[in-house]
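Coordinate inspection notes
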Amino acid sequence: MSEPMRVMIVEDNEALAQTTGWLVEMLGYDYRLALSGKAALEEVDAYRPHVMMLDLGLPGISGYDLCRALRQRSGLADTVFIAQTGWSEAEHRRQSAEAGFHHHLVKPLALEKLEAVLGDIAKTRA
């Protein structure tokens, strides 16, 4: 059997990050948390995630800019980027698409939606 899909969750709210991680784990995937954009940039090459879930409202570097920076890394060419945010307006969805996100999920994340999106990604990886 192949290794579980790796999901990196980048979220500055530690409780929310951990809760999202538990949901990801419950769905059968491996996860790692990064509580800042800086931490994500430092850890991403060692973890090599298949999926990156980025909060858009990160301090220091926005999720938009973090996505742009990460998509420049050759080791992440096949990584799927998911915006996870409280921002649901059409303008935010447009900006996340322009930054290179594949999906835009609104917090609080519905388990069914997370399961469907991650399940689709896992199927395309298989």
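Data block above holds the structure.
This is a predicted model, so every value here is computed, not measured. (Residues numbered from 1 in each chain as written. Predicted model: local features only at pLDDT ≥ 70, side-chain atom pairs only at ≥ 80, totals over all residues. Heavy atoms only, no water.)

Assigned secondary structure in the protein consists of five helices and five strands. Ordered by position from N to C terminus, the α and β elements of the protein give β-α-β-α-β-α-β-α-β-α. Here the C-alpha radius of gyration of the protein, 13 Å, is about what a compact globule of 126 residues would show, namely 14 Å. Projected onto its principal axes, the C-alpha coordinates of the protein cover approximately 40 × 30 × 25 Å. (Helix = DSSP H or I, 4+ residues; strand = E, 2+ residues; numbered from the N terminus. Rg over C-alpha atoms; globule rule 2.2 N^0.38 Å.)

With that out of the way, let us pick up the pattern of salt bridges. If charged atoms from side chains of opposite charge come close, those side chains can pair. Scanning the model with the defined rule gives nine salt bridges in all. The closest approach of N and O atoms between Glu11 and Lys107, which form a salt bridge, is 2.8 Å. A residue pair is termed long-range when its members are at least 10 positions apart, and Glu11 in the loop between β1 (6-10) and α1 (14-26) and Lys107 in the loop between β5 (103-106) and α5 (111-125) qualify at 96 residues. On the basis of relative accessible area, Glu11 is assigned to the buried category, the value being 2%. Beyond isolated ion pairs, a larger network of salt bridges with shared partners links Glu11, Asp55 and Lys107. (Salt bridge = Lys/Arg side-chain N within 4 Å of Asp/Glu carboxyl O. Buried < 20%, exposed > 50% of the residue type's maximum accessible area, 1.4 Å probe, protein only.)

Of all the positions in helix α4 (residues 90-99), only His92, Ser96 and Ala99 are classed as buried. Looking straight down α4, one finds that the buried residues subtend no more than 60° of arc, so they occupy a single side. In α4, the exposed positions that point more than 90 degrees away from the buried face belong to Ala90 and Glu98. Structurally, α4 contributes buried residues whose contacts are with α3 (63-71), β4 (80-85) and β5. Where α4 ends, the next residue or the one after it, Gly100, has phi of about 110°, a positive value. (Arc of directions from axis to C-beta. Contact = heavy atoms within 4.5 Å.)

What follows is about the side chain of Thr85. Inspection of the secondary structure assignment puts Thr85 in strand β4. Only 3.0 Å separates the side chain of Thr85 from the backbone nitrogen of Trp87, close enough to count as a polar contact. Among all residues touching Thr85, those that are not within four sequence positions of it are Asp55, Leu56, His104, Leu105, Val106 and Lys107. (Polar contact = N/O pair within 3.5 Å; in protein donor to acceptor, adjacent residues only side chain to side chain.)

Quick look at the sheet that holds strand β3 (residues 51-55) now. With parallel pairing, the five strands of this open sheet are ordered in space as β2-β1-β3-β4-β5. The sheet is open, and its two borders are formed by β2 (30-34) and β5, each paired with just one other strand. Pairwise comparison of adjacent strand axes, ignoring direction, gives a mean angle of 20° for this sheet. Both β1 and β2 contribute to a ladder of five bridges, which runs parallel. (Pairing = 2+ DSSP bridges. Axes fitted to C-alpha atoms, helices over the stretch in contact; angles between N-to-C directions.)

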